[in-house]
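Summary of the model geometry
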Amino acid sequence: MKKRLYPLILLAVLAGFPLVVEDNYYQHLMILFLMWVVIGSAWNMIAGYTGQVSFGDAAFFGSGAYAAGLLAHHLHVSAWWGMAIGGLAALAVGFPFGWICFRLRGAYFALATLALNEVLRHGTTIAESFTRGMLGIMIMPTFVSKVPYYYIALGMAVVSVLSVRLLIRSKPGYYFVSIREDQDAAESLGIDTHFYKMLSLAFAAFWTGMAGSLYMNYMGFIDPHVVFSLHDISIMAILVGIVGGVGTVYGPTVGAFIMVAVQEMFRSGFFGLFKFLAETTGSESVRALADVLTKGHVLGFGLLVVLVILVLPNGIVGDWDKIKKKVFRIHSPA
Amino acid sequence: MDVFLQILVAGFLKGGLYALIGIGMTLIMGVMGIINLAHGQLMMVAMYVTFVLHSFFGVDPYLSLFVAMPALFLLGVVIQKYLLNPLIKAETILPENQVLMTVGIGMVLTEVIRFIFKSDYKSVTTSYTGATFFLGSISFSWALVVAFGIAVAFTVAMFFFLIKTDLGRSIRATAQDKDAAILMGVNTRRITVITFGLGTALVACAGTLLVPVYYVFPDLGGPFTAKAFIITILGGLGSTVGAIFGGVTLGLAESLGATYLGMEYEDIVGLTIFVLVLLFLPGGFKRLTKV
């Protein structure tokens, strides 16, 4: 019974967060975290549950962001309308793609998603007259305060996690897992694997696109290299899924929190800890170390990928029992 | 007409190098069944080895083949042995963990290099960098012709190695059917390690040959990884002959695209071919030649 309460407690904490912490910086980080919960959950649906690993989440994220941005730029309507069509735009990209590319399996499908993202990135860069190319699209954010964005992001995160939970405990959810475990066996049992893979992709594309249009509204600026980035979006989405736990409902939430924290930790030199140390001790070597750490945040990221895959292949939530045994020496009654 | 011929020649020469990149990728693909997304990054490391040898010790880029290839062979062996092979045992939900691992390795390599050499574009200028000769009205770049020659030599050598030698046969056996190979007494673990090393050494060779005519910078890995997988898909996964065809096709298509559509379309051409092949010829050229 106690386990069921954890998500509710977490939700209560999150709902109260901006009322307690009024610092803009931490609110910003939390908005990013909630956005990654949405993207991570979406990735987890297509990759973790259905087994179709996508390396091109940025394609859907960018489609959503550009849908909102282009709408505001060309038609001069509020970019919030983009929230209504962002997810649908990503669906419009995902649908023909899935239709064609789901004949591919495993790593080949992953490569096709990679190619989709590359095509979109080059496409938006070249079509300057329509998308403004590398200049990017800039809009004025609606709110000065971060709190409205926070609650919108929180709402999206909650709905996306709940929808994962609902979907995964319904019939299609079981079909997804059966496709992951053995596609041929699933097919022979009469599951229309192509249809269900499309359904899973549609879910993932929709939520990733929604997160993209939120990003457009919140950040106010996008360009092809930001939203179609392999490292910053696609790989990050995979990491969020893997660190947290592939094929678990709350894994992406844990993963998103850890990844956003780690990313920020490296970027800011452990939240200015090293800078502070350097100033108090006046030591040159600590200052140099802080410098190296801040510059090497992508390197830290890469090392983290390698380490996580080696040590925790099923993520923190997925390998929780293993962690409990090894680190805390708690043996759960079998 | 001259322009057209000139483009064909340029594309063909570039294609020779692409073939070398593709063969390394396809070998690894065939034996381990995974796509090595650190392929371009490994090539970038080889290019930096060559760059360092040239700028600090004055070694000719072609001579540094003898250093870069063994060095990268070792790097490949270490990666396979200590990072990729342990993943086979791990019980995971997703079999793509190895592919993700190569992504991580690629990131680490790029960032380590960026750390040491900064993001600047470096170039190696030799006496023959700009040298050309003419056949009729078509100009040939010496560096590219020599690179093409060496690439062809390595490709042919690789081919004979795979067909004639014992080790080559073991590699092909592992690629065809791992379990059967184990039953026949092939140490498949050792084979995967050697194959990864060989694949890396081949791409290192391509990288070194590219140094005199190209820039060296840390982010060059990504685009070349993309090219490598386009070549492998074009040629058919695991097919050596296919990789040669795929490499030359991509080289030609890029040259033609860059001239007749515009420079910015160079990368799009490759991706378009990639999608078209997936649509109309899944399985690549291997389907046509059966090799």
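Residues numbered from 1 in each chain as written. Chains lettered and ligands numbered in written order. Predicted model: local features only at pLDDT ≥ 70, side-chain atom pairs only at ≥ 80, totals over all residues. Heavy atoms only, no water.

Contacts between the two partners involve 36 residues from chain B, matched on the other side by 40 residues from chain A. Summed over the shared surface of chain B and chain A, the number is zero salt bridges. Seen at the junction of chain B and chain A, the total is zero residue pairs in polar contact (both at pLDDT 80 or more). Every element with two or more residues in the side of chain B that touches chain A is listed here: α3 (65-89), α4 (97-117), α9 (221-235) and α11 (266-280) of chain B. When residues in the side of chain B that touches chain A are grouped by element, the largest group, twelve residues, is from α4(B). Residue composition of the side of chain B that touches chain A, by class: 28 nonpolar, three polar and five charged. (Contact = heavy atoms within 4.5 Å. Salt bridge = Lys/Arg side-chain N within 4 Å of Asp/Glu carboxyl O. Polar contact = N/O pair within 3.5 Å; in protein donor to acceptor, adjacent residues only side chain to side chain. Helix = DSSP H or I, 4+ residues; strand = E, 2+ residues; numbered from the N terminus. Nonpolar A, V, L, I, M, F, W, Y, C, P; charged D, E, K, R; others polar.)

What follows concerns the side chain of Lys227(B). Residue and element names in this part refer to chain B. Assignment of secondary structure puts Lys227 in helix α9. Since its relative accessible area comes to 10%, Lys227 is described here as buried. Sequence-distant contacts of Lys227, defined by excluding residues within four places in its chain, comprise Tyr18, Leu250, Glu254 and Asp267. (Buried < 20%, exposed > 50% of the residue type's maximum accessible area, 1.4 Å probe, protein only.)

Ranked by size, the top nonpolar core spans 187 residues in total, and within it Met35(A), Trp36(A), Phe55(A) and Phe229(B) carry the most contacts. When residues of this core are assigned to their parent elements, the largest contribution, 17 residues, is made by helix α2 (residues 24-49) of chain A. Those residues in contact with Met35(A), other than ones at most four positions away along the chain, are Phe61(A), Ala211(A), Leu214(A) and Tyr215(A). (Core = buried A, V, L, I, M, F, W, Y, C linked by side-chain atoms within 4.5 Å.)

On average, residues of chain B carry a pLDDT of 82, and 94% of them reach 70 or more. By mean pLDDT, the top-scoring element of chain B is helix α2 (residues 39-57) of chain B (89), and the lowest-scoring one is helix α12 (residues 286-289) of chain B (65). (pLDDT = per-residue confidence, 0-100.)

Before going further, it helps to examine empty space enclosed by the protein. If you walk through the whole model with that rule in mind, you get two cavities of 30 Å³ or more. Computed from the structure, the largest cavity encloses a volume of approximately 60 Å³. As for the largest cavity, its lining consists of Ile235(A), Ile238(A), Leu239(A), Ile242(A), Val305(A), Ile309(A), Leu100(B) and Val103(B). If you list the elements that add at least two residues to the lining of the largest cavity, you get α12 (230-244) and α16 (297-311) of chain A together with α4 of chain B. At four residues, the largest contribution of residues to the lining of the largest cavity is made by α12(A). Per-class residue counts for the lining of the largest cavity are eight nonpolar, no polar and no charged. Empty space within the second largest cavity amounts to approximately 30 Å³. For the second largest cavity, the full set of lining residues is Leu91(A), Gly94(A), Phe95(A), Met198(A), Leu201(A), Ala202(A) and Ala205(A). Broken down by secondary-structure element, the contributors of at least two residues to the lining of the second largest cavity are α4 (80-101) and α10 (193-219) of chain A. Residues of the lining of the second largest cavity, tallied by class, amount to six nonpolar, one polar and no charged. (1 Å grid on protein atoms, 1.4 Å probe; cavity = no way out; pocket = protein on both sides within 12 Å on 5 of 7 lines; lining within 4 Å. Points joined across faces, edges and corners; volume = space filled by probe spheres on them.)

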